[in-house]
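Secondary and tertiary structure notes
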Amino acid sequence: MEVIIAPVDQQARLAADAIEALLRRDDDSTLGLATGSSPLAVYGELIHRHEQHGLSFARARGFMLDEYVGLPADHPQRYHNVIAEELADRVHWDAERVHGPDGLAADIPAACADYERALARAGGVDLQLLGIGTDGHIGFNEPGSSLSSRTRIKSLAPQTRADNARFFGGDVDKVPVHCVTQGLGTISEARHLVLLASGRHKAEAVHQLVEGPISALWPATVMQLHPHATVLVDEAAASRLQ
Ligand code: F6R
């Protein structure tokens, strides 16, 4: 695992460099997309490169990490809509090529199995962007998630619902209780993992991720087993590293 301590704007350029190199080498690469605050600067940088330097997403495929269960199709916080608004629409990326777990399926386990099959048909993810929860989750694999888990329904931890209340007008009761998330085993199959973290509130999770024992109690520690993992953290998020 490589750990790079850099301010958020530099993290964004480094992650965008890796994505751009991939797309320029192979324009039908598959990108793994995260939502939340952490990837926003990267998406901003990719939009800039699309607009100013012609970086094309036309033949790329995207697979999202996770989705809330039960949010109406037009809800602004439904991750399908978030990723369209924050990245896909702005780089003219055809919605048909950007996939996400189905949080509205009548049969969620069947939809999860379909999602795993779609990932496999696409040949897997070339580069997976990740954020990390304050409790150490990646995707929405909360503490206690099996390190070999696959896409499935999960309950969100109270800490995660509290952390994400800011996206729901500060009202924790509006944050869904369930989500569908790629599993830790699914995420681990991506060929390159790129995790972004900033702020002191992430320091304990980053410490565990980099220096803790591998444990389902800190799900991000599964990244220690990965042959190509890059962790981009600012000074505050790195403040508990030895
Ligand atoms: C979201 C996701 C989550 C977030 C994590 C950090 O798709 O997979 O793991 O990355 O909750 O969220 P932020 O970046 O908002 O602090």
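Residues numbered from 1 in each chain as written. Predicted model: local features only at pLDDT ≥ 70, side-chain atom pairs only at ≥ 80, totals over all residues. Heavy atoms only, no water.

1. With respect to the pairing of strand β7 (residues 152-155)
For clarity, the threshold we go by: Remark: exposure states derive from per-residue accessible area (1.4 Å probe, protein chains only) relative to the maximum for the residue type, with buried under 20%, exposed over 50%, and partly exposed in between. Numbered from the N terminus, helices here are DSSP runs of H or I no shorter than four residues, and strands are runs of E no shorter than two. By this definition, two strands are paired if DSSP reports at least two bridges between them.
Of the two faces of β7, the one holding Arg152 and Lys154 is buried and the one holding Ile153 and Ser155 is not buried anywhere. In this sheet, strand β8 (residues 178-181) lies alongside β7 in antiparallel orientation, the contact comprising 4 bridges. In the strand pairing of β8, Arg152 is matched with Thr181.

2. Quick word on the sheet that holds strand β9 (residues 192-197)
One open sheet accounts for 7 strands, arranged β1-β10-β9-β6-β2-β3-β5; its pairing is parallel. Edge positions in the open sheet fall to β1 (2-5) and β5 (98-99), since each of these has one partner strand only. The sheet contact formed by strand β6 (residues 127-130) and β9 spans 4 bridges and is parallel. The residue of β9 that forms the bridge with Gln128 is Leu193.

3. Some thoughts on the site of the ligand
Selection criterion: The near set for a molecule or strand comprises every residue that places at least one heavy atom within 4 Å of it. Two N or O atoms count as a polar contact when they lie within 3.5 Å, although within protein this holds only if one can serve as hydrogen donor and the other as acceptor, and sequence-adjacent residues are included solely when both atoms are side-chain atoms. All accessible-area figures derive from a Shrake-Rupley calculation using a 1.4 Å probe, and residue coverage is judged against the displayed protein chains alone. Following the grouping adopted for this structure description, the nonpolar residues are Ala, Val, Leu, Ile, Met, Phe, Trp, Tyr, Cys and Pro, the charged ones are Asp, Glu, Lys and Arg, and the polar ones are all others, Gly among them.
Around the ligand sit 15 residues, and of these Thr35, Ser38, Asp66, His137 and Gly139 come closest. A distance of 3.5 Å separates an oxygen atom of the ligand from a polar atom in the backbone of Gly131. Contact distances for the ligand include 2.7 Å between an oxygen atom and a side-chain N or O atom of Lys202. Surface burial for the ligand is 95%, taken as the share of its 410 Å² of free accessible area covered by protein chains. When its residues are assigned to classes, the shell around the ligand shows 4 nonpolar, 8 polar and 3 charged.

4. Thoughts on the nonpolar core
Our working definition: Definition used in this section: a nonpolar core is a set of buried Ala, Val, Leu, Ile, Met, Phe, Trp, Tyr and Cys residues joined via side-chain atoms within 4.5 Å. Here, residues are in contact when the closest pair of their heavy atoms is within 4.5 Å.
Core analysis: the biggest nonpolar cluster contains 65 residues, and Leu33, Leu46, Trp93, Leu129, Ile138, Leu195 and Met223 have the highest contact counts within it. When residues in this core are grouped by element, the largest group, 6 residues, is from helix α1 (residues 8-25). Dropping the residues within four chain positions of it, Leu33 is found in contact with Tyr43, Gly62, Phe63, Met64, Leu65, Ile83, Leu87, Trp93, Val98, Gln128 and Leu129.

5. Details of the pattern of salt bridges
Applicable threshold: Any carboxyl oxygen of Asp or Glu that lies within 4 Å of a side-chain nitrogen of Lys or Arg is treated as forming a salt bridge with it.
Using the criterion set out here, one finds 11 salt bridges in the structure. Glu116 is the salt-bridge partner of Arg150, the closest N and O atoms lying 2.8 Å from each other. In this pair, Arg150 is assigned in the loop between β6 and β7 and Glu116 in helix α4 (residues 108-121), connecting sequence segments 34 residues apart. Judged by relative accessible area, Arg150 falls into the partly exposed class, the value being 32%. Here Glu116 falls in the buried class, since its relative accessible area comes to 16%. Of the charged contacts in the structure, one is a salt bridge between Arg240 and Glu204, with a shortest N-O distance of 1.8 Å. Of this pair, Arg240 sits in the segment after β10 (229-233) while Glu204 sits in helix α7 (residues 203-211), and the two are 36 residues apart along the sequence. Note on Arg240: relative accessible area 37%, which makes it partly exposed. Taken together, the salt bridges that share partners define one network made up of Asp17, Glu20, Arg24, Glu45 and Arg49.

6. Observations regarding the pairing of β6
Side chains Leu127 and Leu129 project from β6 onto one buried face, and the interleaved Gln128 and Leu130 project onto a second face that is buried too. Here 2 bridges tie strand β2 (residues 30-33) to β6, and the two strands are oriented parallel to one another. What sits directly across from Gly32, in β6, is Gln128.

7. Description of the side chain of His192
Note that His192 resides in strand β9. On the basis of relative accessibility, which here comes to 12%, the residue His192 falls in the buried class. Of the polar contacts made by the side chain of His192, one reaches the side chain of Thr230; its length is 2.8 Å. Discounting chain neighbours no more than four positions away, the residues touching His192 are Asp126, Leu127, Gln128, His226, His228 and Thr230.

8. Digging into the sheet that holds β7
The condition is simple: Angles here are taken between N-to-C directions and fall from 0 to 180 degrees, while the axes themselves are lines fitted to C-alpha atoms, restricted in helices to the stretch in contact.
The 3 strands lie next to each other as β4-β8-β7, forming an open sheet whose pairing is antiparallel. Two strands lie at the open edges of the sheet, namely β4 (66-68) and β7, each paired on one side alone. Sheet twist, expressed as the mean angle between neighbouring strand axes with direction ignored, is 30°.

9. Here's the deal with the packing of aromatic side chains
Rule in force here: Under the pairing criterion, centres of Phe, Tyr and Trp rings, with the six-membered ring standing for Trp, must be within 6.5 Å; the plane angle then separates stacked pairs below 30 degrees from edge-to-face pairs above 60, leaving the rest tilted.
Per the counting criterion, the structure on display carries 6 aromatic pairs. When the centroid spacing of 5.1 Å and the interplanar angle of 45° are considered together, the rings of Phe57 and Trp93 count as tilted. Remark: Trp93 occurs in the loop between α3 (79-88) and β5 and Phe57 occurs in the loop between α2 (40-53) and β3 (61-64); sequence separation between them is 36 residues. Phe57 sits in the buried class, given a relative accessible area of 0%. On the accessibility criterion, Trp93 (3% relative accessible area) is buried. Here the aromatic cluster, defined as three or more aromatic residues joined through ring pairs, consists of Tyr68, Tyr79, Phe140 and Phe168.

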